[in-house]
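# Coordinate inspection notes
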Amino acid sequence: MMEGLQPLAALWGLPGRAGQASLKEENDLPRPFNGRLRLGAGPVLESSGGVAVDLPRATERGAISLETLEAWSTYLMTEAYATRTVRSTSRVLRAYYRVRPFLPRQLQIVLRRMHARARTGRSYLTWPIDGTFVALAETFLALFLESIGGEGQVARRWPPGFRGALVLTHDVEGVEGQRRCSDLADLEAKNGFKSSFNFVAERYPLDRDLMLELQARGFEIGVHGIKHDGRKFSTRAIYEERLKALTLYRDAWKSVGFRSPATHRRWEWMHELPFEYDSSFPDTDPYEPIPGGCGTPWPFMLGDLVELPITMPQDHTLWEILGTGALTTWRAKLKWLLGCQGLINIIVHPDYLTTKSRWADYEAFLRDVREETTLWATLPRDVARWWRMRSGDREAVRLDASETVWKLIFG
Ligand SMILES: [Zn+2]
C-alpha cells in the first residue's frame with residue numbers, strides 16, 4: 001500500500017512519476033519553524049496553510065525534487081513518523097481497554113488527560129493546526145508549474161463554485177447519545193443542514209426506528225464499529241472476523257461509510273474496509289488514543305476507499321479532556337480550512353451534549369458555517385463520490401513568479 005504512493009500527484013490529478021525517492025531518516029523531513037519552511041534561499045511561496053516556504057534558488061532547485069516532496073508527504077500521510085510511538089503505546093492501550101469497563105468515569109477522564117499531556121509534548125504535528133502538508137503540496141504544484149512554463153490544469157478539489165466542503169458527523173457511543181439524536185437532527189435541519197450518524201453495531205440496544213427515520217429525513221447512517229472495544233486491529237484474525245460483520249451491518253443499514261471506534265487505524269489494513277469511504281484519520285490530533293494524523297486537510301484515496309480526514313478538533317478533547325469551550329478553537333480551524341480549501345469534517349458526539357453551553361457551542365458553529373456561501377455543505381457519502389470521480393474535472397492554475405515571491409492562482 002505504501003509502495004509507489006504519490007499523494008501530491010494524486011491530489012492535483014497530475015501524472016505520477018517513475019522515480020520514487022525514499023525517506024530513510026525521520027530528520028529528513030523539514031519542519032516549519034515560526035511559520036517558515038526552509039528548503040533553500042530562493043523565492044518565498046506563501047502557502048495557503050499559513051506557512052511561508054523558502055524555496056531553493058533556481059540553480060539549486062534540483063536538490064528538492066518533486067520525488068522528494070512526494071516522499072515527505074507520504075511519510076506524513078501514512079503516519080510513518082508515528083509508527084514507533086504507536087507500537088510502544090499499543091500494549092498500554094490494550095490493557096486500558098481491558099480494565100476500562102471497571103473504572104469509574106472520572107478516573108477514566110483523569111487517565112485520558114494524563115495520556116494526552118504525555119502525548120502533546122512529543123507530537124510530530126502541531127495542534128489544532130498544522131500547515132506542513134499544505135506547504136509541501138503547494139510547493140510541489142509550484143515547482144511542477146515552473147517546469148512546464150508556469151500554467152497548467154489540475155483536478156478540482158471541489159465542484160465548480162465551491163471553495164471548500166463541510167460534513168457534519170456524529171458518532172453515537174451509547175443509549176444516552178442515541179436518545180439525543182432526534183434533537184440533534186432537528187437542530188441541524190432547522191439551520192438548513194443534514195448530517196451523518198454513525199452507530200455501533202453491538203454495543204447498546206439499537207433504535208432501528210430512529211435510524212430509519214433519520215434516513216427517511218435525508219440523513220446518512222454510517223457504521224462506527226462492531227463492539228467499540230479497541231481490538232479490531234489487534235490481530236489479523238480479529239480484523240478479518242470484524243470485516244465480515246461490518247459487511248453484514250453495512251448491507252442491513254444501507255450504509256456506505258465507516259468511522260473507526262476511537263479513531264483506531266492501521267494504514268496497511270484500512271483499504272480492506274468494505275465501504276465507499278472511511279473517516280478515521282485525523283489531520284492532526286495528539287489527543288486521540290492513537291496520536292498523530294495524516295497531515296492533509298483534503299480527502300485522499302486509500303486503495304479503492306476514499307478517506308475523509310477528520311479535520312476539526314474533537315468535541316471530546318475540548319469539552320472533556322481540556323475542559324474548555326469548543327467554539328473558539330472550532331472557529332480558528334474553520335478559518336484556516338477555508339483558507340486552504342480544505343474539507344471541514346467535524347464530529348459532534350450526542351453523548352457529550354450534556355449541557356446547554358455545549359449545545360450552544362454547536363449551534364453557534366452551525367450559524368457560522370451557514371454564512372459561508374462558497375462552502376459545499378453536504379453528506380460525507382457525497383463528498384466521497386465526488387472525490388472518486390473528480391479527476392476529469394479540471395481547473396486552470398497559474399504560477400505568479402517574481403524574483404522574490406511566488407504565488408499560486410487558481411481559476
Ligand atoms: Zn466512538
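Not measured: the values here are computed from a predicted model. (Residues numbered from 1 in each chain as written. Predicted model: local features only at pLDDT ≥ 70, side-chain atom pairs only at ≥ 80, totals over all residues.)

## A look at the pairing of strand β14 (residues 394–401)
The pairing of strand β4 (residues 151–155) with β14 spans five bridges and is antiparallel. Counted as the bridge partner of Q153 is A396 from β14. When β14 meets strand β15 (residues 405–410), the two strands line up antiparallel, connected through five bridges. Bridge pairing links R398 to I409 in β15. (Pairing = 2+ DSSP bridges. Helix = DSSP H or I, 4+ residues; strand = E, 2+ residues; numbered from the N terminus.)

## Observations concerning the environment of V172
Within the element layout of this structure, V172 appears in strand β5 (residues 164–172). Separated by 52 residues in sequence, V172 and H224 place their C-alpha atoms 7.9 Å apart. Leaving out residues up to four positions away in the same chain, V172 has contacts with G177, Q178, C181, F197, N198, F199, V200, H224 and P350. (Contact = placed C-beta atoms within 7 Å.)

## Looking at the sheet that holds strand β3 (residues 52–54)
Spatially, the six strands line up as an open sheet ordered β1-β3-β2-β15-β14-β4, and their pairing is mixed. At either end of the open sheet lies a strand with only one pairing partner, and these are β1 (36–38) and β4. The sheet shows a mean angle of 25° between the axes of neighbouring strands, direction not considered. Running at roughly 80° to β14, helix α5 (residues 132–147) makes contact with β1, β2 (44–46), β3, β4, β14 and β15 of the sheet. (Axes fitted to C-alpha atoms, helices over the stretch in contact; angles between N-to-C directions.)

## Let's talk about the packing of helix α2 (residues 66–77) against α5
Close contact between α2 and α5 brings their axes to 10 Å; oriented N to C, the two are set at 160°. What the angle tells us is that α2 and α5 run roughly antiparallel. For the pair α2 and α5, the sense of crossing is left-handed. Across the interface between the two elements, L66, L69, W72, S73 and L76 from α2 touch T132, F133, L136, A137, T139, F140, L143 and F144 from α5. Tallied by class, the residues present in the contact of α2 with α5 amount to 10 nonpolar, three polar and no charged. (Parallel < 35°, antiparallel > 145°, perpendicular 65-115°, else oblique. Left-handed = near helix turned anticlockwise from the far one by under 90°. Nonpolar A, V, L, I, M, F, W, Y, C, P; charged D, E, K, R; others polar.)

## Here we look at the packing of helix α11 (residues 327–339) against helix α12 (residues 356–370)
Orientation of α11 relative to α12, taken along the N-to-C sense of each, is 25°, at an axis distance of 10 Å. Classified by the interaxial angle, the pair formed by α11 and α12 is roughly parallel. Crossing hand, α11 versus α12: right-handed. Two secondary-structure elements touch here, α11 through L327, W330, R331 and L334 and α12 through D361, A364, F365, D368 and V369. The residue inventory of the contact of α11 with α12, partitioned by class, reads six nonpolar, no polar and three charged.

## Quick word on α2
With 12 residues, α2 extends 16 Å from end C-alpha to end C-alpha; this agrees with the ideal 16 Å at 1.5 Å per step. Of all 12 residues that make up α2, 10 are buried, and the element is covered over most of its length. Among all positions of α2, only L66, L69, E70, A71, W72, S73, T74, Y75, L76 and M77 are buried. At its buried positions, α2 is contacted by α1 (7–12), α5 and β10 (300–302). Of the residues one or two after α2, E79 is the one with positive phi, at around 60°. (Expected span 1.5 Å × (residues − 1). Buried ≥ 20, exposed ≤ 12 C-beta atoms within 10 Å, placed from the backbone.)

Just geometry here; none of it tells us what the structure is for.
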